[in-house]
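So you can see what is in the structure, the chains are spelled out below.
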Amino acid sequence: MILRDKKMIKKTTKKRKKLIIFCSAAIIVTVLYFTLVNVLVSATLVPSFMEKLEAFERITVESYAAQVQTSDIKGNRSASLNETQEWLEHAKRQKISAQTDDGYTLIANEFFSDDDSHKWALVLHGYTGWKEEMYPFAYWYHEEGYHVLVPDLRCQGESEGDFIGMGWTDHFDCMKWISYILSKDPDAVIVIHGQSMGAATALMITGEETIPDNIAAVVSDCAYTDAYSMFGEKIGEWFHLPAFPLVDTACLVLRLRGGYNLKDASAVNAVKNSHTPTLFIHGDEDAMISVDMTKQLYQEACCPKELLIVEGAGHAQAQDKDPDTYYGAIRTFLNGVMGEQSKNCRE
């Protein structure tokens with residue numbers, strides 16, 4: 001009897017040890033998994049963290065190599081930068097700031113038009129970008145008689161923030177700049193011109209039910225359909241990791257750390273509710289964001305819309321591949337919507 005009890009105790013002890021080992025291993029795996037996801041979130045959405053990673057330089061080099069490197073693009077780009085630099089030497093401008101609802105300070109540059117105009121352009125940069133790279137667009141709008149506002153989106157450039165917003169937090173932030181414009185000019189007629197993530201931001205603004213009637217049009221240049229899809233695609237491409245279940249876990253981690261969900265950042269859902277006239281632009285050789293995403297956005301959009309696919313252009317290169325077609329299409333599109341919008345604002 002005693003021997004049998006000893007065997008049972010020994011057997012129970014072994015089971016307990018196995019259970020303890022299993023639970024300990026499960027805890028370790030879970031901790032390691034969430035640590036990995038935390039690192040991935042920081043590596044893709046926190047610029048200061050990105051720059052510390054060896055992978056960041058590799059990704060930057062690979063992204064540049066994926067761009068179209070033709071002589072016409074390089075030549076047009078160089079000419080555009082030179083013209084912009086000459087304009088900046090005498091352009092009237094001021095640096096302004098705004099506070100987000102969650103307490104961050106955002107920075108923008110405002111360029112004053114020489115014309116007595118109610119036309120305004122809000123120009124938005126892309127992922128890991130900054131306002132200065134959008135100055136060639138600001139220059140073009142200024143020459144067209146617009147007042148121009150060019151912000152750094154949160155956590156980029158001079159603007160504060162813990163995480164890049166992927167268009168979601170940004171589209172709320174941009175309402176601060178729109179309110180600023182309207183405080184200066186209640187009759188303002190506003191076009192929002194965004195590139196890449198900035199374009200997705202602009203589209204998300206138009207999906208809101210309460211946007212001001214003063215927003216006349218959007219120019220969406222190489223937008224993505226949704227941040228959830230982009231995140232899954234890029235962690236596979238950049239870090240060679242599977243999208244599932246990492247992206248869904250990243251959504252949870254980002255909600256806890258950054259206060260938003262990648263699934264919320266959906267331009268394609270927004271355009272289904274949009275009534276704002278929108279010009280969709282994309283290069284057909286974009287290796288960063290597939291041209292199919294803009295085609296899907298165009299198909300799903302319920303607003304008055306036009307589509308321009310620029311042949312031979314890579315990511316955010318349409319304006320340099322064929323500047324005459326690019327800016328010509330924007331001018332024609334805006335001429336068609338701005339006059340009617342200006343009339344509505346006056347009424």
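Residues numbered from 1 in each chain as written. Predicted model: local features only at pLDDT ≥ 70, side-chain atom pairs only at ≥ 80, totals over all residues. Heavy atoms only, no water.

S.K.: Before we move on, could you go through the pattern of salt bridges and cite the residues and values that matter?
M.R.: Close approach of charged atoms lets side chains of opposite charge pair. For the coordinates displayed, the defined rule picks out 16 salt bridges. Across the pair glutamate 158 and lysine 131 runs a salt bridge, and its minimum N-O distance is 2.6 Å. Of this pair, glutamate 158 sits in the loop between strand 4 (147-151) and helix 6 (168-184) while lysine 131 sits in the loop between strand 3 (119-124) and helix 5 (135-143), and the two are 27 residues apart along the sequence. Residue lysine 234 is joined to glutamate 233 by a salt bridge in which the shortest nitrogen-to-oxygen separation is 3.4 Å. Through salt bridges with shared partners, a single ionic network connects Lys95, Lys131, Glu132, Asp152 and Glu158. (Salt bridge = Lys/Arg side-chain N within 4 Å of Asp/Glu carboxyl O. Helix = DSSP H or I, 4+ residues; strand = E, 2+ residues; numbered from the N terminus.)

S.K.: Explain unusual backbone geometry residue by residue, including any values.
M.R.: A negative phi holds for most residues other than glycine; trans holds for most peptide bonds. At the junction of phenylalanine 244 and proline 245, the peptide bond is cis and its omega measures out at 5° in the coordinates. Tracing the sequence through the fold places proline 245 in the loop between helix 8 (227-239) and helix 9 (246-258). Even without glycine at this site, cysteine 222 takes up a positive phi of about 55°. Structurally, cysteine 222 can be placed in the loop between strand 6 (215-221) and helix 8. Cysteine 222 sits in the buried class, given a relative accessible area of 1%. (Buried < 20%, exposed > 50% of the residue type's maximum accessible area, 1.4 Å probe, protein only.)

S.K.: An account of a positive patch on the surface is needed here, citing residue identities and associated values.
M.R.: A surface patch of like charges, here positive, comprises Lys14, Lys15, Lys17 and Lys18. Looking at the element boundaries, lysine 14 is found in helix 1 (residues 2-45). (Patch = residues over 30% accessible without salt bridge, like charges linked within 9 Å, V, L, I, M, F, W, Y side chains within 5 Å. Areas by Shrake-Rupley, 256 points an atom, 1.4 Å probe, with all protein chains shown as cover. Lys, Arg positive; Asp, Glu negative; His and termini not counted. Charge placed at Lys NZ, Arg CZ, Asp CG, Glu CD.)

S.K.: Let's hear about the confidence of the model for the protein: which residues, and what values?
M.R.: Keep in mind that low pLDDT regions are not for reading the predicted coordinates in detail. In the predicted model, the protein carries a mean pLDDT of 92, and the fraction of residues at 70 or more is 94%. Overall, residues 342-347 carries pLDDT values under 50, and its contacts beyond four positions in sequence, including any with other chains, amount to six contacts. (pLDDT = per-residue confidence, 0-100. Contact = heavy atoms within 4.5 Å.)

S.K.: Explain helix 6 to me, and be specific about the residues and the numbers.
M.R.: Between its first and last C-alpha, helix 6 extends 26 Å over 17 residues, near the 24 Å set by a 1.5 Å rise per residue. Turning to helix 6, its buried residues number three or more, namely Thr169, Asp170, His171, Asp173, Cys174, Trp177, Ile178 and Ile181. (Expected span 1.5 Å × (residues − 1).)

S.K.: Explain the pairing of strand 1 (residues 93-99) to me, using residue names and the numbers behind them.
M.R.: Bridge analysis of strand 1 against strand 2 (residues 105-111) gives seven bridges, and the strand direction is antiparallel. Residue pairing across strands places lysine 95 opposite asparagine 109, the latter belonging to strand 2. Between strand 1 and strand 2, which follow one another and run antiparallel, lie five residues, and glycine 103 among them has a positive phi close to 95°. (Pairing = 2+ DSSP bridges.)

S.K.: For the packing of aromatic side chains, give the residues involved together with the corresponding values.
M.R.: A complete count under the given rule lists 13 aromatic pairs for this structure. Judged by centre distance (6.3 Å) and plane angle (25°), the rings of tyrosine 127 and tryptophan 238 are stacked. Linking tyrosine 127 in the loop between strand 3 and helix 5 with tryptophan 238 in helix 8, this pair joins segments that are 111 residues apart in sequence. Since its relative accessible area comes to 24%, tyrosine 127 is described here as partly exposed. (Phe/Tyr/Trp six-rings, centres within 6.5 Å; stacked < 30°, edge-to-face > 60°.)

S.K.: A description of the side chain of serine 274 should follow, citing residues and the corresponding values.
M.R.: Inspection of the secondary structure puts serine 274 in the loop between helix 10 (267-271) and strand 7 (278-283). Judged by its relative accessible area of 1%, serine 274 is buried. Within polar-contact distance, the side chain of serine 274 engages the side chain of threonine 206 at 3.2 Å. The contacts of serine 274, once residues within four sequence positions are left out, are Thr206, Cys302 and Cys303. (Polar contact = N/O pair within 3.5 Å; in protein donor to acceptor, adjacent residues only side chain to side chain.)

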